[in-house]
Amino acid sequence: MSNIRLLDESETRARMGELADVLADCVAGGASIGFMAPYGPADALPFWRDVAASVGEGATLLFAAKREGRIVGTVQVGIRQMPNQPHRADVRKLLVMESERGRGLARALMTAAEAEATRQGKTLLVLDTATGSPAETVYERLGWQRAGVIPDYALYPDGRFCATTFFYKKIGAKR
């Protein structure tokens, strides 16, 4: 059984080891999420420290999926935007450990993220993902609209070029 929780700064810092394990697992699995191989849990700690600080500043929402009390997936929502974009938020780093995939955790994390973004007055969400990745299919099934593809946008952890697909989703009340 899993549950989804919105973490505060304190819990983010307390669960840093678990969060690092999730990120390292995804990079080891070849996910193009900003990091290069080799990449282990110790390498992930500075990233999660920055996320914890952003959560504490109210700039980022961090959701965690837990199974049997341990974090096995996360998603972030960047809610602090430029003054001309108060209605928008960025979905970042939907991460689910390889051993936990196919159990509905990505859907549950995204549903929680969208609901909280709506509660915070956001009406447009945007994200990007590796073109051809399983995540691309997840987003399409959740009603996200494809905006376009940029070739050679990033690298996979092994150094190969990776195209990126941008998506958006209108949520909540219309402005």
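Just above, that's the structure.
Residues numbered from 1 in each chain as written. Predicted model: local features only at pLDDT ≥ 70, side-chain atom pairs only at ≥ 80, totals over all residues. Heavy atoms only, no water.

Here we come to helix 3 (residues 41-56). In this model, helix 3 (16 residues) spans 22 Å end to end at C-alpha, consistent with the 22 Å of a helix rising 1.5 Å per residue. The largest bend in helix 3 comes to about 25 degrees, at phenylalanine 47. Three or more residues of helix 3 are buried, namely Ala44, Phe47, Trp48, Val51, Ala52, Ser54 and Val55. Glycine 58 occupies a position one or two residues after helix 3 and carries a positive phi of about 80 degrees. (Helix = DSSP H or I, 4+ residues; strand = E, 2+ residues; numbered from the N terminus. Expected span 1.5 Å × (residues − 1). Bend = angle between axes of the 7 residues up to and from the residue. Buried < 20%, exposed > 50% of the residue type's maximum accessible area, 1.4 Å probe, protein only.)

This next bit is on the nonpolar core. By size, the foremost hydrophobic cluster in this structure holds 46 residues, and its most contacted members are Leu23, Trp48, Phe63, Val75, Met110 and Trp144. Of all the secondary-structure elements, those providing two or more residues to this core are helix 2 (16-28), helix 3, strand 2 (60-67), strand 3 (70-78), strand 4 (88-96), helix 4 (105-119) and strand 5 (124-130). Those residues in contact with methionine 110 that sit more than four places away from it in its chain are Val75, Val91, Leu94, Leu127, Tyr139, Leu142 and Trp144. (Core = buried A, V, L, I, M, F, W, Y, C linked by side-chain atoms within 4.5 Å. Contact = heavy atoms within 4.5 Å.)

Residue alanine 37 is joined to proline 38 through a cis peptide bond whose omega torsion reads -5 degrees. Residue position: proline 38 is located in the loop between helix 2 and helix 3. Phi is positive for lysine 93, close to 50 degrees, though the residue is something other than glycine. For lysine 93, the position within the fold is in strand 4. By relative accessible area, lysine 93 is classed as partly exposed at 25%.

A contiguous nonpolar surface patch, about 280 Å² in accessible area, is contributed by Met36, Leu155 and Phe161. For leucine 155, the location among the structural elements is in strand 6 (residues 145-155). Relative accessible area serves as the criterion here: at 34%, leucine 155 is assigned to the partly exposed category. (Patch = residues over 30% accessible without salt bridge, like charges linked within 9 Å, V, L, I, M, F, W, Y side chains within 5 Å. Areas by Shrake-Rupley, 256 points an atom, 1.4 Å probe, with all protein chains shown as cover. Salt bridge = Lys/Arg side-chain N within 4 Å of Asp/Glu carboxyl O.)

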